[in-house]
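# Coordinate analysis (summary)
Each chain is listed here by its residues.
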Amino acid sequence: MVAEYAVTTLSSSDVELKSSYPAVMKGKQDIEIRPQISGFITRLCVDEGSVVHKGQILFQIDAVQYEEAVNVARSAVNVAKANVATAGLTAENKRELAKSNVIGSYDLQLAENSLLSAKALLSQANAQFISAKKNLSYTRVTSPSNGVVGSIPFRVGSLVSPTGTTPLTTVSDISDMYAYFSMTERQLLVLTANGDSPKEILKKLPDVELKMIDGNLYGQTGKVETMSGVIDQSTGSVSVRAKFPNKRHMLRSGGTGSVLVPYKLNNCIVVPQNATYEVQDKKFVYIVDSKSIVKSTPVEIFQLDDGKNYVVTSGLKVGDKIVAEGVGTLRDGMQIKEITPEQAAAKKASAEQAAAKAPKK
């Protein structure tokens with residue numbers, strides 16, 4: 001009995017392939033928040049995952065010692081001002097005495113030098129006062145940008161310092177998200193087949209899509225913005241970055257997904273991947289002649305595919321008939337009974353229904 005096989009007649013069509021690349025999401029700006037002074041945390045003003053704005057207080061560090069430092073520095077400024085005023089009066093008095101030749105130039109110069117020294121000490125006191133006020137302001141750790149707060153490893157009572165290795169938290173600006181992925185040298189050559197420069201390639205690339213970790217497509221398309229100009233010799237790939245808008249904050253820094261890059265081809269012959277088999281890294285299909293006899297034929301395929309179909313670049317022509325599935329049981333010269341893919345699908349579904357209704361032993 002001649003076996004039935006689904007056979008399809010080839011035609012040309014325009015196709016859009018979508019290559020999938022694993023990607024890691026990062027915020028437009030991920031800023032590590034670190035203290036600029038040492039002290040104990042007295043208050044947490046935000047929680048993990050909070051949306052914050054620029055200048056918002058995130059942490060409060062014990063300010064007592066820094067308030068006292070400001071008071072001491074302020075007092076030192078007042079003392080320095082008084083010393084400048086006293087030295088100024090002394091210098092003015094010495095000038096008058098020198099005009100009357102009551103004192104010599106030596107005594108006058110000493111008075112002038114004392115005034116200059118007092119002014120220098122005042123400048124130093126002012127600088128220390130400004131430094132003390134800055135340190136006091138650092139007790140309120142604020143957000144440098146709008147964003148979302150990451151994990152907070154420190155709690156109230158924890159001692160923190162500028163030399164600590166662990167940041168207080170991270171604020172991620174996720175109004176826009178960057179998807180970082182890698183493209184192999186072979187895939188890159190497909191895009192550069194026309195000899196375009198990287199800048200021209202980026203301009204011509206269509207919008208890309210993002211498939212999230214749950215398998216759903218992200219609601220907005222993105223744009224490839226950058227492509228590294230050097231191939232990593234250890235991986236044989238280039239680093240690519242695509243930007244996606246994220247106004248609703250659905251995407252989070254550190255998340256993963258897949259970037260889908262479309263590639264359009266015109267007047268192509270497309271065959272199902274199930275219709276091919278591989279021998280020594282070469283792809284083959286079975287062509288069906290007018291007597292329903294199959295013949296193994298090598299084909300060349302386009303470098304990109306969608307996981308279901310191949311675009312054939314040589315070996316087949318429009319009008320050829322090929323076996324669409326079950327090629328693993330065929331041999332050259334076999335005669336088959338041709339049926340359409342739709343008939344094959346209907347028979348398969350019928351057989352499955354019959355199997356489901358059959359009584360179990």
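The preceding data block contains the structure.
Everything numeric here is computed off the predicted structure, so don't read it as measured data.

The next subject is the layout of surface pockets. Taken as a whole, the second largest pocket holds about 250 Å³ of empty space. Lining the second largest pocket are Arg-186, Asp-281, Lys-282, Lys-283, Pro-298, Val-299, Glu-300, Ile-301, Phe-302, Gln-303, Asp-305 and Tyr-310. Within the residue set of the lining of the second largest pocket, elements represented by two or more residues are strand 15 (282-288) and strand 16 (294-301). Examining the composition of the lining of the second largest pocket, we find that four residues originate from one element, strand 16, more than from any other. Considering only residue class, the lining of the second largest pocket consists of five nonpolar, one polar and six charged.

What follows covers the nonpolar core. Counting residues in each nonpolar core, the largest one holds 25 residues, and the members touching the most others are Phe-181, Phe-244 and Val-259. Breaking this core down by element, the ones donating at least two residues are strand 2 (12-33), strand 9 (169-184), helix 4 (198-204), strand 11 (223-227), strand 12 (237-245) and strand 13 (256-272). Ranked by residues supplied to this core, first place goes to strand 9 with five residues. Excluding residues that lie within four positions of it along the chain, Val-259 makes contacts with Ser-19, Ser-20, Tyr-21, Ala-23, Ala-179, Phe-181, Val-208, Glu-209 and Leu-210.

Here helix 1 (residues 64-99) crosses helix 2 (residues 105-137) at 165°, and the two axes come no closer than 8 Å. With respect to each other, helix 1 and helix 2 are oriented roughly antiparallel. The chirality of how helix 1 crosses helix 2 is left-handed. Here the contact of helix 1 with helix 2 is composed, by residue class, of 21 nonpolar, seven polar and nine charged.

This brings us to the pattern of salt bridges. Considering all chains together, one arrives at 14 salt bridges under this definition. In this structure, the salt-bridge partner of Glu-4 is Lys-337, at a minimum N-O distance of 3.5 Å. Within this pair, whereas Glu-4 is found in strand 1 (residues 4-9), its partner Lys-337 is found in strand 19 (residues 337-339), the two being separated by 333 residues in sequence. Exposure remark for Lys-337: the relative accessible area of 45% places this residue in the partly exposed category. Here Arg-34 makes a salt bridge to Glu-32, at a shortest N to O gap of 2.9 Å. Classification of Arg-34 by relative accessible area gives partly exposed; the value is 34%. Owing to a relative accessible area of 46%, Glu-32 belongs among the partly exposed residues under this scheme. One salt-bridge network, held together by shared partners, links Glu-4, Lys-337 and Lys-347.

Attention shifts here to the sheet that holds strand 5 (residues 57-61). The strand order 6-5-3-8 describes an open sheet built from four strands, whose pairing is antiparallel. Every other strand in the sheet has two partners, leaving strand 6 (140-142) and strand 8 (159-160) as the edge strands with one partner each. The pairing of strand 3 (residues 39-44) with strand 8 spans two bridges and is antiparallel. Residue Phe-40 lies in a different strand from strand 8, and its bridge partner there is Leu-159.

Take helix 1 next. End to end, helix 1 covers 53 Å across 36 residues, agreeing with the expected 52 Å (1.5 Å per residue, within 8%). Looking at helix 1, one finds that the buried residues are Tyr-66, Val-70, Ala-73, Val-77, Ala-80, Val-84, Ala-87, Ala-91 and Ala-98. The elements touched by buried residues of helix 1 are helix 2. Of the residues one or two after helix 1, Asn-101 is the one with positive phi, at around 60°.

Calculation criteria
Residues numbered from 1 in each chain as written. Predicted model: local features only at pLDDT ≥ 70, side-chain atom pairs only at ≥ 80, totals over all residues. Heavy atoms only, no water. 1 Å grid on protein atoms, 1.4 Å probe; cavity = no way out; pocket = protein on both sides within 12 Å on 5 of 7 lines; lining within 4 Å. Points joined across faces, edges and corners; volume = space filled by probe spheres on them. Helix = DSSP H or I, 4+ residues; strand = E, 2+ residues; numbered from the N terminus. Nonpolar A, V, L, I, M, F, W, Y, C, P; charged D, E, K, R; others polar. Core = buried A, V, L, I, M, F, W, Y, C linked by side-chain atoms within 4.5 Å. Buried < 20%, exposed > 50% of the residue type's maximum accessible area, 1.4 Å probe, protein only. Contact = heavy atoms within 4.5 Å. Axes fitted to C-alpha atoms, helices over the stretch in contact; angles between N-to-C directions. Parallel < 35°, antiparallel > 145°, perpendicular 65-115°, else oblique. Left-handed = near helix turned anticlockwise from the far one by under 90°. Salt bridge = Lys/Arg side-chain N within 4 Å of Asp/Glu carboxyl O. Pairing = 2+ DSSP bridges. Expected span 1.5 Å × (residues − 1).

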